[in-house]
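Structural description and commentary
Okay, here's what each chain looks like letter by letter:
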Number of protein chains: 2
Amino acid sequence: MKKNLITTAALLLLTAVLPSEAGAQQMNSPSGELSLNVGCAGGTVTYELTYKGLPVIIPSRLGLVSDEADLTGGFSVVAVSRDTVDRSWSPVWGEYAEVRDHFHEMALTLEQEETGRVVTVRFRLFDDGLGFRYEVPEQEHLNYLTLRGERTEFNLSGDHLAYCIPGDYDSNEFAYSTARISGLEDEIERRLALKTYETKAEGGLSVQTPLMLRSDDGLYINIHEAALVHYAAMLLDVDDVNFRLKAHLVPDKNGVRGYLQAPFNSPWRTVIVSDDARDILASQLIYNLNEPCAIEDPSWVKPQKFVGVWWEMFTGAGATWAYSDYWKARPGVTDYSALKPNGRHAANTENVKRYIDFAAEHGIDAVLVEGWNEGWEDWASYRKDRHFLFTKPYPDFDIDAVSAYAAEKGVNMIMHHETASNAADYERQLEDAFQYMVDHGYHSVKTGYVGYIIPRSEYHSSQWMNDHYIHVARTAAEYEIMVDSHEAVRPTGLMRTWPNWVAQESARGGEFESMGGNDPDHTCILPFTRLKGGPMDYTPGLFQTKLDYYEGGSKPGEQAGTTLARQLALYVTMPSPLQMACDLPENYERFMDAFQFIKDVALNWENSWYLEAEPGDYITVARKARDAQEWFVGAVTDENAREAVIPLSFLPEGQKYEATVYADGEDADWKDNPQSYRIYTKKVKPSATLRIPLAPGGGAAVVIRPVEK
Amino acid sequence: MKKNLITTAALLLLTAVLPSEAGAQQMNSPSGELSLNVGCAGGTVTYELTYKGLPVIIPSRLGLVSDEADLTGGFSVVAVSRDTVDRSWSPVWGEYAEVRDHFHEMALTLEQEETGRVVTVRFRLFDDGLGFRYEVPEQEHLNYLTLRGERTEFNLSGDHLAYCIPGDYDSNEFAYSTARISGLEDEIERRLALKTYETKAEGGLSVQTPLMLRSDDGLYINIHEAALVHYAAMLLDVDDVNFRLKAHLVPDKNGVRGYLQAPFNSPWRTVIVSDDARDILASQLIYNLNEPCAIEDPSWVKPQKFVGVWWEMFTGAGATWAYSDYWKARPGVTDYSALKPNGRHAANTENVKRYIDFAAEHGIDAVLVEGWNEGWEDWASYRKDRHFLFTKPYPDFDIDAVSAYAAEKGVNMIMHHETASNAADYERQLEDAFQYMVDHGYHSVKTGYVGYIIPRSEYHSSQWMNDHYIHVARTAAEYEIMVDSHEAVRPTGLMRTWPNWVAQESARGGEFESMGGNDPDHTCILPFTRLKGGPMDYTPGLFQTKLDYYEGGSKPGEQAGTTLARQLALYVTMPSPLQMACDLPENYERFMDAFQFIKDVALNWENSWYLEAEPGDYITVARKARDAQEWFVGAVTDENAREAVIPLSFLPEGQKYEATVYADGEDADWKDNPQSYRIYTKKVKPSATLRIPLAPGGGAAVVIRPVEK
């Protein structure tokens, strides 16, 4: 999968031992537009980054703090090695068939004279940003590190606008705050009024990454990390007076941020930057900083669309994950054989067959079934040591019959493993669970981590759990199973290494449309933040956006912050190799002309062109399907109407095309008239520009195909 | 395996609802010698126990404390059910071919009027003691309990003599203190000078169970617990002024003592009592309170003797578990393929074959090999997340060749799984590890838990870990593997349920003879304490007791507190279905006449007769082999010489016998002349009494066989 591996070996020879006082080093990106300065004045290592001469990161300290060694000062630079790499790689799936990995590299070897300890800081400067990491080599005076934190700073040049969620050790499922840094604390408080989760990061104001920023001098800056392996996730402590950010590693409950042993590398700390917001979306920097695919032959990893027994449990109309209501009267009863069915259990054979029929009829690849297995009567996390059995279907779910039926219809089944955050017990059952899946013809699993973690020393984003998710992905790969993890640590590009880890939730997803709703700008922010780490199983495709619709439903007034047409656009603006059509078959049947787009849209891309973008305001993107002469465009706006402007120059010349446009109706509005849409076709050529009005909270989706001349 | 299940069902009908003020209940043991009173004055439940009119437990409170419910007071007795059970069962292995389980039972159902909550306390009164437990049934107002502790008290009538080790959440590997309760604190401090481990129980003075006590009025009292399942181990807080003991449950690191859900039962709290110390040793009360065998067909569980690559790493003569010394210069190196052998790695193919030859030649069933797998260069616990691979032998250990050689010689192999207390990673590898064992013909594993536990919320004896050990035993049973766990929680009779869990260490074992030594009285205490929970892999059979012997050794002055003859006696006084002959083959070859006893001694017993016993002073026991007309006697003394008096009335009449006596030499002494022994044969009849002088720190072993008339 690699090619064009150029120059690496040769340039490593540039390593040179320098006089220790000569710490200052400079490096430009290949284009010359980014410039990095690294200094070592007074033994403290600092870096600064500029873009076209504008400050991105003003001088900021680096270092690691551990019980065994203070690696924050007393350093001198003893060696600098430089390199230039220009290579490309082909993702199994993604926004581009080929990704260029082109950077200048500088590795500073730092030595503490007093202790003889050595740390290397490796910087990679791409045209779209910076990555750097700590490398602690094997050495005599440093072995184990009980990490207490990083000194790593990302100091900003001013009171930037920030798009972010509050620091938390367990959850990313927050509504975004958009505010200047100086006003963040109040804004986050206001947004937390919508919280469904207790925020838990210690100390003062902190935010999570990917953190998106916009400066008054027109820079777009994204701070995150890449390749989070055997390390705690990074939050950022915010000094909202001086606009300084500092790494805040998620601890375990003993207060330790990492158990490390030399040799080791930290994850890459990443700063994506541009004066054009579209470049932030297009950036593949985080994937480039991850290791290549670890699966020898990943040809069994297949993008897929799915419907599922899921949203009906969110509508408030009564469907349940649990087989029984017995638990309400008799808590603690876990003899599932004795349960009396409640008659509203959605994952029953008949209902599942209905979804399979629908998928088969409309060319949807797969069906997810939640609530198929014993345990939902009583799955309060943290308080017991076995919540679910992953090999025990409820009595009304005939797994053999369902599997046979699905196979006959050519539909894949997706299993659900809700762990209730009992990772310890999930690991106990893992091999049996995966074997059970394979035995029943399942090759995809949606995992869930709702609630507090067991082992009880851990948080969702602490080091041990981050290893757990990889352990699950690796083990799944052995069974040729694809993984879609929910409520796990937010992604950091590890899907490059484990392409069977096809998607994650790890943000406030579509399910929240029934729990307070997602603001219209939410999906104008996610591609700038959460999605920089990897695809999200956002569950788009909600056609019945008002939950009042459901007779006798329990969620009056609940409503999604979206028009119907915008839901189609999300399949293009929120790329993922795993895309749900989340709504009920009966709702799709009411709007089959619109559903056609979901049937048609591709999942894997040859190329992508970001045409318009402003975080929190709008995104317009065009993509070419990887294996077809089909182009798709998605455009979304926030609560404000706007016109999407789509120059079609991405289309090859010498051909005529027809565009089918799925647009908001003229009177559409996310709040009052979300189901107003219009579908029209239009002959187009590459020199044309499509202009499509988007309603408040609206969007548009376009499919373009060549036509006979 | 059960028989004589009498009367249980019928007597359950005695349940009666009482007026709530009538709380006082009385029950006698079947013999009438033990008497239990339970009261409920002022809503607080108390119990007291007498033996032949003498106080064993003076009024002591009962109750559970949790975040959700205070279950310590406000109770009234709403029902009392009584029962008499007399049945017997046949252990897969043990001291008796059949065990009588005969008790009177009384279950008090307690209700808190204010909360409507219900707890049952079930008492079983045997002729040899009391067991009681809390049973929290399914109920409306009580579901989850976050347990903070038990109010359970064991209040004593005076300043008894105690034989005990200090409270600790991780280790039982302490030298015993023998002192009156009022002097325990000082004595424990003095003994801790020998510590190899940090004592860690919170609060004031605490001790571990089994706790052995002797009162001035001649009672012997043993306090412990039975069937420790999904619960924290119990230590005892000691009020050394008022002689009150109180349950102290081992917490997790968040301070929680248990995550429980109704319905649940606590382990049984046990008080074994007699005015004859021999009855304490003979008691099967703790096994009786455990659940029957959970393995459908345990016929593959076989008692066995073994030698092993083990003691040579303790002698100080240089043999190592690790393949290499490279780590000393380069900590952190874990690329085992790059290691340079140190030439002293004991688990090499050739050396292992030597042990196999020795075992085959002398009819020893099995060979243990420690240090066979990668990881020993660097296995500091707690500080990394993978210590050992259980499927990766060192390059000089040709596992296929060893397995083939052992099979050819008819010798079983015992694998070693040192987990470095990384239970989390052991569970990840468990199925692969057991499959690897089976694939290589191994059906026994010695597990080790050295160091601090991962998951990092846990201690060796906290609830989650107690479940872990059972998980390992249960999983091993699926692979028909026997387990010998070291450094795990001390046993509570669970071997009845999981007979493949053949032995544990969980005390200061024979290995300490090379690390400070075990006092001569140590093995006169263990059968009264640690062994009440189950067999111990004590590793007897040390013939070369002075480590000065080893040329160039690193342990000058180290010496075992034992004579050679006493080491033979331990095979009888410390019964276990798994017995090591711990010394080096070359040492046994110097004393082959004495080694004959180890070759001959049985491992599984038809019957046992405790002939003489005083905790900390002496034990003499006779046993009949289960499947042979052979009787064995073991006698041990403390630092004082004595004469063992052995009436042979346990031998069936009508037959003549020959006894072969392995006794201390006349000039033997554990310190100065431990290898002086004499072996002689003697015709004996049942009416005879053998009198065998025991040297200071000495012992004697006897085998008796019928002879032709």
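The preceding data block contains the structure.
Residues numbered from 1 in each chain as written. Chains lettered and ligands numbered in written order. Predicted model: local features only at pLDDT ≥ 70, side-chain atom pairs only at ≥ 80, totals over all residues. Heavy atoms only, no water.

So, the sheet that holds strand β13 (residues 144-150) of chain A
Each strand in a sheet pairs with another by means of backbone hydrogen bonds, the pair being arranged parallel or else antiparallel. Residue and element names in this part refer to chain A. Pairing within the open sheet is antiparallel, and its four strands lie in the order β8-β7-β13-β22. Either end of the sheet is taken by a strand with one partner, and the two such strands are β8 (70-71) and β22 (258-261). Of the pairings in the sheet, the one linking β13 to β22 comprises four bridges and is antiparallel in character. Among the inter-strand pairings, T146 is bridged to a residue of β22, identified as Y259. (Pairing = 2+ DSSP bridges. Helix = DSSP H or I, 4+ residues; strand = E, 2+ residues; numbered from the N terminus.)

Some words on the interface of chain A and chain B
Each partner contributes to the interface: chain A provides 40 residues, whereas chain B provides 40 residues. Considering only the surface of chain A that becomes buried against chain B, A:Y144, A:R383 and A:R428 emerge as the three largest contributors, covering 23% of it. Our count for the chain A to chain B interface comes out at four salt bridges. A:R383 serves as the salt-bridge partner of B:E68, at 2.3 Å between the closest nitrogen and oxygen. (Contact = heavy atoms within 4.5 Å. Buried area = accessible area lost by both parts, 1.4 Å probe. Salt bridge = Lys/Arg side-chain N within 4 Å of Asp/Glu carboxyl O.)

Regarding the state of the cysteines
Residues and elements named next belong to chain B. Per the stated rule, a full pass over the model turns up zero disulfides over all chains. For the unlinked cysteine C164, the closest cysteine sulfur is that of C524, found at 17 Å. Overall, the relative accessible area of 0% leaves C164 in the buried class. (Disulfide = S-S within 2.5 Å. Buried < 20%, exposed > 50% of the residue type's maximum accessible area, 1.4 Å probe, protein only.)

Focus: the pairing of strand β16 (residues 177-180) of chain A
Residues and elements named next belong to chain A. Taking every second residue as pointing to the same face, the buried face of β16 carries S177 and A179, while none of T178 and R180 on the other face is buried. When strand β15 (residues 161-164) meets β16, the two strands line up antiparallel, connected through four bridges. If you follow Y163 over to β16, its bridge partner there is T178.

Quick notes on the environment of B:Q25
Residue and element names in this part refer to chain B. By the element assignment, Q25 lies in strand β3 (residues 25-28). Each C-alpha atom, one on Q25 and one on V77, is 9.7 Å from the other, the two residues being 52 residues apart in sequence. A polar side-chain atom of Q25 sits 3.0 Å from a polar atom in the side chain of R82. (Polar contact = N/O pair within 3.5 Å; in protein donor to acceptor, adjacent residues only side chain to side chain.)

Some points on the relation of the copies chain A and chain B
Overlaying chain A on chain B yields an RMSD of 0.0 Å, the required transformation being a rotation through 180° with an accompanying axial translation of 0.0 Å. Between the two chains, the operation in question is that of a two-fold axis. By C-alpha distance to the rotation axis, the residue of chain A lying nearest is A:S457, at 2.2 Å. Comparing interface residues between copies, 98% of those in chain A also lie at the interface in chain B; the contact surface is shared. (Least-squares fit on C-alpha atoms with pLDDT ≥ 70 in both.)

Structural notes on the packing of aromatic side chains
Taken as a whole, this structure holds 72 aromatic pairs over all chains when the rule is applied. Ring centres of B:W89 and B:Y287 lie 6.5 Å apart, and the angle between their planes is 70°; on these two criteria the pair is classed as edge-to-face. Placement of the pair is B:W89 in strand β9 (residues 75-89) and B:Y287 in helix α4 (residues 285-288), with a sequence separation of 198 residues. Taken individually, B:W89 and B:Y287 each receive the classification buried, so the pair is uniform in this respect. Aromatic rings pair up to connect A:W310, A:W311, A:F314, A:W321, A:W376, A:W379, A:F388, A:F390 and A:Y426 into one cluster. Stacked on the ring of B:Y459, the Lys or Arg B:K253 has its end atom at 5.7 Å from the ring centre. (Phe/Tyr/Trp six-rings, centres within 6.5 Å; stacked < 30°, edge-to-face > 60°. Lys NZ or Arg CZ within 6 Å of the ring centre and 35° of its normal.)

Section: the pattern of salt bridges
Residues and elements named next belong to chain B. Counted by the stated rule, this structure contains 64 salt bridges over all chains. Put simply, R269 and E225 hold a salt bridge, and the shortest N to O gap is 2.9 Å. Here R269 is found in strand β24 (residues 268-274), whereas its partner E225 is found in strand β19 (residues 220-226), with 44 residues between them in sequence. On the basis of relative accessible area, R269 is assigned to the buried category, the value being 0%. Put simply, E586 and R354 hold a salt bridge, and the shortest N to O gap is 2.9 Å. You can see E586 sitting in helix α12 (residues 585-590) and its partner R354 sitting in helix α6 (residues 349-362), a full 232 residues away along the chain. Judged by its relative accessible area of 33%, R354 is partly exposed.

Let's talk about the side chain of B:S461
Relative to the helices and strands, B:S461 resides in the loop between β28 (444-448) and α9 (463-478). Setting aside anything within four residues of it in sequence, one finds B:S461 in contact with B:Y169, B:A232, B:A233, B:V250, B:N466 and B:V489.

Some thoughts on unusual backbone geometry
All names here are of chain A. In the segment running from T209 into P210, the intervening peptide bond is cis, with an omega of -5°. Counting through the fold element by element, P210 comes out in the loop between β17 (206-208) and β18 (211-214). Located in the positive-phi region is H230, a residue other than glycine, with phi close to 50°. The residue H230 is located in the loop between β19 (220-226) and β20 (234-239) in this model. Look at H230 and you get partly exposed, because its relative accessible area is 24%.

Coordinates in, geometry out; function isn't part of it.
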